[in-house]
Amino acid sequence: MNGLFKPRKKKAKVAPPADAAEPPAAAAPEHKQPDKPVLTFGDLGLAGWLVQACDALGLKRPSAIQRLAIPPALKGSNVLGLAETGSGKTAAFSLPILHKLFEDPYGVFSLILTPSRELAAQIAKFLRIIGEAQKLRVQCVIGGEDVVRQSLELTNQRPHIVVGTPGRLVECLDSGLREMIGNLRCLVLDEADRLLENARDDVKAVFGALKKPQVLLYSATSTKPLETFSGALKCIRVEGSKASIPKTLVQEYVFCPKRVKLAHLAQVLLGFELEEKRDEESKGTPADRDWRPRSALVFAQTCRRVHEVHAVLAHQSIDARCLHSQLPQYDRTKALEAFQQRRSQILVCTDVASRGLDLPAIDLVVNFDIPRDPDDYIHRVGRCARNGHQGLAVSLITQSDLAYLAAIEGCLGSRLAKCARFSEKSLPLQDVARAVESVGGLRKDLD
Ligand code: AMP
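All of the points below concern the structure found in this document. Quantities reported herein were computed from a predicted structural model and do not represent experimental measurements.

### Some points on the overall build of the chain
Point 1. Summing up its helical and strand segments, the chain has 15 helices and 14 strands in all.
Point 2. Counting all 447 residues of the chain, 47% fall into the buried class.
Point 3. Taking all contacts inside the chain whose residues are at least 6 apart in sequence as the whole, residues at least 24 apart take part in 76%.

Here it is as structure tokens:
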């Protein structure tokens, strides 16, 4: 299946996405809503045991992406599903796979590729719960864990479904996985835009090991490489709710010189006094003085910067966890669990946490580093203020970031407001300078 992979041009980062105004590269058929109103998962043609399993999980009515994507997937078509995180896309690709698998079970029936280990673990967990009654066997093949043990488990357990990250899957191809996936019926690329952008060679190697499976592509964002790829596969294109800025989200920026950026971050986090273990809904709106966020995501551009920012916050007695791809898997899992279970209110992270992960309601997103790509900005701040909750996104802008800010504002079609909440006089400059000094090893631009 390697004819799908053509050499690609490097994507320009600062300018607003070139593909925004362009039509899809290949005319993909658009799936129409069925004439009869769809009310239940049973109406979509799913097996009774799956309808019951959905019901037991509290999934009573199919979401938009599920209504649109499940029928063509059941018919065997390749599908491109565009839907934001939280719109039910995991179930949209999992349910038709499980329906077909248990008509005539064998392993490996399906392979699901994701860009992050945490997302792979989350999908595997969903599959195990929904397929429990049928004794579904799911195995995660992800980096950061013992590769020999994973290969042995693959051979011994013969999973029905493998969920994995591309690098580790390719590593396992020559230790038995290639033979196991030879008769695979369905391949899923979740967060397909990212996989094609960051792991294209690995994805190509996986495709090369397959005959001609059904392909389901899911993404929150439509990019040109994804449209080209799905066009070549003649995918039926369905759109649920797109990644967008929630109406209840207030977006602000703080302009600060580079050398005092950390002090501004500490001021924002200390200024809001995130309340520990507070369960009830925040009162008022981010414009109110007494508004208190319960949980915050702080985004930095690289693993190293996450690490450094986290160390400085810890020195300031700001309780935070950190998540980035260079951490040992055990630490990644623990950090995410602590944040998901609200034992920690702040997660400092790279874009590994900006998409796909099922996170608790988030009230505050801080872009310590403003993203280079406006799409990443939308994904990051879109984690906040969901389901009608109030939320605030604050971006720290330095003298080097003005072009990125302009690109984001161009993409949003509106300007971010200047954050008027904090005074320069109350910046914890000396405390942070001491913290930076004691943490050591910080790069010049963070000093
Ligand atoms: P996603 O990340 O898009 O897969 O969305 C996952 C979240 O949506 C999970 O919390 C699911 O339990 C929930 N979810 C999925 N489908 C439905 C549905 N039809 N009705 C209600 N919640 C759903």
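Still more to cover.
### Looking at the site of the ligand
Point 1. Around the ligand, the surrounding shell holds 13 residues, and the nearest of these are Leu59, Ser63, Gly88, Lys89 and Thr90.
Point 2. It is helix H3 (residues 89-101) that provides the largest number of residues to the shell around the ligand, a total of 3 residues.
Point 3. Considering only residue class, the shell around the ligand consists of 3 nonpolar, 7 polar and 3 charged.

### Things to note about the packing of helix H2 (residues 64-74) against H3
Point 1. Put simply, H2 and H3 touch, their axes get as near as 9 Å, and they point 25° apart. It follows that H2 is roughly parallel to H3 by the angle criterion. Pair H2 / H3 crosses with right-handed handedness. Facing Ile65, Gln66, Ala69, Ile70, Ala73 and Leu74 of H2, the residues of H3 in contact are Lys89, Ala91, Ala92, Leu95, Pro96 and His99.
Point 2. In terms of residue class, the contact of H2 with H3 is made up of 9 nonpolar, 2 polar and 1 charged.

### Looking at the environment of Ala420
Point 1. Relative to the elements of secondary structure, Ala420 occurs in the loop between strand E14 (417-418) and helix H15 (429-439).
Point 2. Taking C-alpha positions, Ala420 is 9.8 Å from Ala287, a pair spaced 133 residues apart along the chain.

### A few points about the sheet that holds strand E4 (residues 161-164)
Point 1. On the basis of which strands lie adjacent, the open sheet formed by 7 strands has the order E3-E4-E2-E5-E6-E1-E7 and parallel pairing. At either margin of the open sheet sits one strand with a lone partner, and together these are strand E3 (138-141) and strand E7 (236-239). Strand-to-strand, the axes of this sheet are offset by a mean angle of 15°, without reference to chain direction.
Point 2. Strands in contact with H2 are strand E1 (79-82), strand E6 (214-219) and E7; relative to E1, the strand with the most contacts, it is inclined by about 175°.

### Brief notes about the pairing of E4
Point 1. With burial as the criterion, each face of E4 is covered, one bearing Ile161 and Val163 and the other bearing Val162 and Gly164.
Point 2. As judged from the 4 bridges shared by strand E2 (residues 110-113) and E4, these two strands associate in the parallel manner. When the sheet's bridge partners are listed, Ser110 is paired in E4 with Ile161.
Point 3. Taken together, the 4 bridges between E3 and E4 define a ladder with parallel strand orientation. Within the sheet, the bridge partner assigned to Val141 lies in E4 and is Gly164.
Point 4. On the question of chirality, the crossover connecting E3 to the parallel E4 by way of helix H5 (residues 147-157) is right-handed.

Criteria and thresholds
- Residues numbered from 1 in each chain as written.
- Predicted model: local features only at pLDDT ≥ 70, side-chain atom pairs only at ≥ 80, totals over all residues.
- Helix = DSSP H or I, 4+ residues; strand = E, 2+ residues; numbered from the N terminus.
- Buried ≥ 20, exposed ≤ 12 C-beta atoms within 10 Å, placed from the backbone.
- Contact = placed C-beta atoms within 7 Å.
- Near = placed C-beta within 6 Å.
- Nonpolar A, V, L, I, M, F, W, Y, C, P; charged D, E, K, R; others polar.
- Axes fitted to C-alpha atoms, helices over the stretch in contact; angles between N-to-C directions.
- Parallel < 35°, antiparallel > 145°, perpendicular 65-115°, else oblique.
- Left-handed = near helix turned anticlockwise from the far one by under 90°.
- Pairing = 2+ DSSP bridges.
- Right-handed = clockwise from strand over helix to strand, strands pointing away.

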